[in-house]
Structure formats: structure tokens, C-alpha cells
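# Structural features, examined
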Amino acid sequence: MQSRFDKLRRTHLIMCLLVQMCSSELPFSRCFSFINMQVNDGSAVSNIQAVVGSDVEGYDKIEAGLVNTGASVAIEGVLVESQGSKQKVELKATKLTLVGGTDPASFPIQKKKLSREYLRSVAHLRPRTNTFGAVARVRTALAFATHQFFREHGFVWVASPIITASDCEGAGEQFCVTTLIPSSHEDPKTPLSKVPTTKDGLIDWSQDFFGKPAFLTVSGQLNGETYATALCDVYTFGPTFRAENSNTTRHLAEFWMIEPELAFADLKDDMACATAYLQYVVKYVLENCKEDMEFFDKWVEKDIVTRLTNVVEKPFVHVTYTEAVELLQKAKKKFEFPVKWGADLQSEHERYLTEVAFSGNPVIVTDYPKEIKAFYMRQNEDGKTVAAMDLLVPRVGELIGGSQREERLEVLERRIEELGLNKESYWWYLDLRRYGSVPHAGFGLGFERLVQFATGIENIRDVIPFPRTPNSAEF
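Fair warning: this is a prediction, and the values are worked out from it, not measured in the lab.

## Thoughts on the overall build of the protein chain
- The secondary structure content of the protein chain amounts to 13 helices and 17 strands.
- Considered along the principal axes of its C-alpha atoms, the protein chain spans approximately 90 × 60 × 55 Å.
- The 475 residues of the protein chain split such that 46% are buried.
- A separation threshold of at least 6 residues defines the contact pool for the protein chain, and within that pool the share at least 24 residues apart is 67%.
- Approximately 24,900 Å² of the protein chain is accessible, and the part contributed by carbon and sulfur atoms is 53%.
- Of the charged side chains in the protein chain, 54 are positive and 63 negative, and the gap between their average positions amounts to 4 Å.

## A closer look at the domain arrangement of the protein chain
- Each domain of the protein chain was delimited in the assignment, giving domain 1 (12-112) and domain 2 (131-160 + 230-462).
- Its C-alpha centre places domain 1 at a distance of 46 Å from the equivalent point of domain 2.
- Both faces considered, domain 1 and domain 2 share a buried interface measuring about 370 Å² in area, 48% of it formed by carbon and sulfur atoms.
- Tallied by class, residues from the side of domain 1 that touches domain 2 come to two nonpolar, three polar and no charged.

## Points about the packing of aromatic side chains
- Applying the stated criterion to the full structure yields 19 aromatic pairs.
- Between Phe144 and Tyr284, the aromatic rings sit 5.8 Å apart at their centres with planes inclined by 40°, giving tilted as the arrangement. One end of the pair, Phe144, is in helix H4 (residues 130-152); the other, Tyr284, is in helix H6 (residues 267-288), with 140 residues separating them in the sequence.
- The class of Phe144 is partly exposed, set by a relative accessible area of 43%.

## Things to note about the sheet that holds strand E17 (residues 440-446)
- What the eight strands build is an open sheet, ordered E7-E11-E12-E17-E16-E15-E14-E13; its pairing is mixed. Two strands in the sheet have a free side with no partner beyond their single neighbour: strand E7 (156-157) and strand E13 (317-320).
- Strand direction decides the pairing type here: strand E12 (residues 254-263) and E17, joined by five bridges, are antiparallel. Along E17, the bridge assignment pairs Glu261 with Gly442.
- Sitting on the sheet, helix H10 (residues 347-357) is in contact with strand E14 (363-369), strand E15 (385-393) and strand E16 (397-404), with an inclination near 65° to E15.

Parameters at a glance
- Residues numbered from 1 in each chain as written.
- Predicted model: local features only at pLDDT ≥ 70, side-chain atom pairs only at ≥ 80, totals over all residues.
- Heavy atoms only, no water.
- Helix = DSSP H or I, 4+ residues; strand = E, 2+ residues; numbered from the N terminus.
- Buried < 20%, exposed > 50% of the residue type's maximum accessible area, 1.4 Å probe, protein only.
- Contact = heavy atoms within 4.5 Å.
- Areas by Shrake-Rupley, 256 points an atom, 1.4 Å probe, with all protein chains shown as cover.
- Lys, Arg positive; Asp, Glu negative; His and termini not counted.
- Charge placed at Lys NZ, Arg CZ, Asp CG, Glu CD.
- Domains from an automatic or database assignment.
- Buried area = accessible area lost by both parts, 1.4 Å probe.
- Nonpolar A, V, L, I, M, F, W, Y, C, P; charged D, E, K, R; others polar.
- Phe/Tyr/Trp six-rings, centres within 6.5 Å; stacked < 30°, edge-to-face > 60°.
- Pairing = 2+ DSSP bridges.
- Axes fitted to C-alpha atoms, helices over the stretch in contact; angles between N-to-C directions.

Have a look at this one:
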């Protein structure tokens, strides 16, 4: 049976999202006039030129001014050798059908340079530009390569829940999920008297959907650990949420996380997995998205292909947190945030380490102070640091954060109590240490930061289809 795609290929039918036109008309005869149309189906950066003569069925739509930039058309024709120097082949049209017209006066994306900030205000149309089309294709390639890498290495994909009753990071920056507030888009007004309360005047969570406070997850890690103790090596890949009121170029309220978890593994195994993963997906993009990467190299970040090639070919640098702090303190650079042992490294510190101190090489920093890391990280014998690691890359800073997990029940319980967390919320997580505990490790990678790293796009809001940020949940 002939597939739809085979049929389209054989008849040279091209469905176009954007049309750009120029005309050429010989003065001695009207029948020799023709239109050169630049059309694109979204599969590549390059357009294909369609030559539409005045004798072609549908030419009257062009004459009537109905085919403009942004219109959707279907063109049937034959691929022939191009007479121009900018392309090898062109489409000699035999029929043109206007599928969807557009008003040239109001179409928001004209053939001119537009700021990315402006394009965020028309996020439903920005995929039609070269930049955002290329970002979408590279993002797809990175997602595919992610699943392929873990599949080749025997990992099992686990779908972690989006709604949770616990806080993985212990930071409290979560979005609450509740049915106690009447939910209606038609009438957003909600009197406080409608929210059920206890005799003490507190919210009565027992009447909520889940019978307790519930939140959008900040991480799938804790759930991943449950399956790692059963299946050995697993990974999660899904949306996560942070109710952090941040408007930086590195933060989103909704983003995607890749979180592998390895059983019978320590921090060295974790670092080896993170290194192999990053090199694998970067190599995949370089080999399979060449035209898009050439576009980014020319228009977004010069020499990005060289930078990414270095990631694939050069060894990663390993330093301890203490060594990193000493390097930063000796740096002949004034940082906005002072550097001292015990303070978390900021983006400017991370970028200095990878871009300047180690000449553009990725850097893995290990053994952070326990006070600045999450409760689940395994404490080192010095009692001051934990077996944690952050993988830093140029332009982005921290790309991957991971650790060996604390598998000792008593130590983990004590740490939860020290931080004032509710131990009852983690009863099932503690059970993993009660019943057949094993050394295990894992890491988390913000997928949008990976796309930033691979494309050179500076603002994280431009590498996710529909960004969610403070005061912005459009589209």
C-alpha cells in the first residue's frame, strides 16, 4: 500500500508554511512571465525555489495578491536542475493551490530582523522563523539521542509522577495542586469563604482531592531511586516545575529534566555516566543536524561547532570544590558574588572555571559542603562534604548536577531531622534503606540548558516551545 509520505514524495507536492516571492517578467510577452517563490516545509533551514509560470494552474491567486509571505500553499511540479547559483535544484511548478492565505499588513513575522524578545510575544508563530525552526529540530535530535543512549546502555525508562506530596530538593519552591479553590476559567473570582477550613481557621486539606497538600514535582529522582533498587539502571525524562520568582536567562518555571539512577554505583560511576552521555548526545547532533549547526555557527555563536567538537574529543577536567574555590580566589577577576569556602558557586564562578581557568574544557567539580547540597547526598568521611558533583560547561555553567545517594538509613534520617524536613513525608523513601539498601548514584540534567549549550542560544526562554516564567503563562 502506498503511504501518504511516498505519494507526496513522488508527486513533488510541497506543503509550505512560509512563502517569500520575487518576480521576473520578460517585456516582450506576458506568457513568459513567472514568479520565483521561496518555500519551506519546516524540515530544514534551506528553502527550495519554486518557479511558477503564468501558464500554471493557480497563477491567478498570485496575480490577485493572495499569496504573500506567511501563506500556506501546495505546489505540484518536477524537480529540475537550477539555473541559479544558490541552489542545485528547483521546483518547476505545474499546479499551485492556496491552502491558507495571510494578510501581509498584519502578519507579525515579516522578512526582516526581529528580536527574540519580540518573538516571545508571538510564540505561536515564532517556529516559522529560521532560528526557532532550527532550535526545534536540534531539540528533537537531543531527545532522540537521550533515549537511544540509555537504551544502548541497558537503562529502563521510568515515567515519574508530575503530582507529588514530597519536596525532593527541600527548598519549598513548589506549585500547589488543589481542588479546594473552585476552578473555572469563565469565573476566576473565588471568595475566601469558599475555601474549607478547620475549627482553628486553617485550610482543611482533608477535603482536598488527595486528602493532603499536593504539588507539581521539582524532580523525578526520588521515584527513580525506587526503580533503580529493583531494576538496577533507570532514567526519567519528563516535565518538572519550580515556583522560583526568577527572571534570569537560565531559569524557567516549567522545564524538562533527564535523571538517570544507577544501582551498585558510586560517584565515579556517576561522573563516568554523565561524561559519556553528554559526549554521546553532542556527537549525535553534530553528525545529524549539520545544516542547523552551520546556521547556529554563522548567525548565533561563531565557532560553536568547534566548541562542541572539543566536548566530544577532549577529556573532562576533575577538581574538588575546595580546589575550585582556591582557583577562584586567586583569579585576577572581580566577581559580583564573593568567593569563600562554604558558599555555593554562582554562574559567573562556574563559567570562569570552564571558560578561563580550563580553557573551554568541561569541568566536573566534586565534594561540595553538605550545607549547600540536598539531604539525600551521601556524606563523606570528613563530615563536612558530600559525594556530589556538578558538570560545568562553557556559556551555560552548571549543566549536570549529581551525587552518590545516602544509602545508610541512620545517616539519612539524621540529615532529614537536621534540616527540619517532615520525615513522615519520606517514609517510603526511607524504606528503600530499610529493605535491601544498595549503594547508588545519579544525576539530573535540565534539558533546556542542554539545548542552550548545543545551539548557543543565550536565553533559556528561547529553547522551549512555550516558556513559563513569572507573570507569563501565555499560549
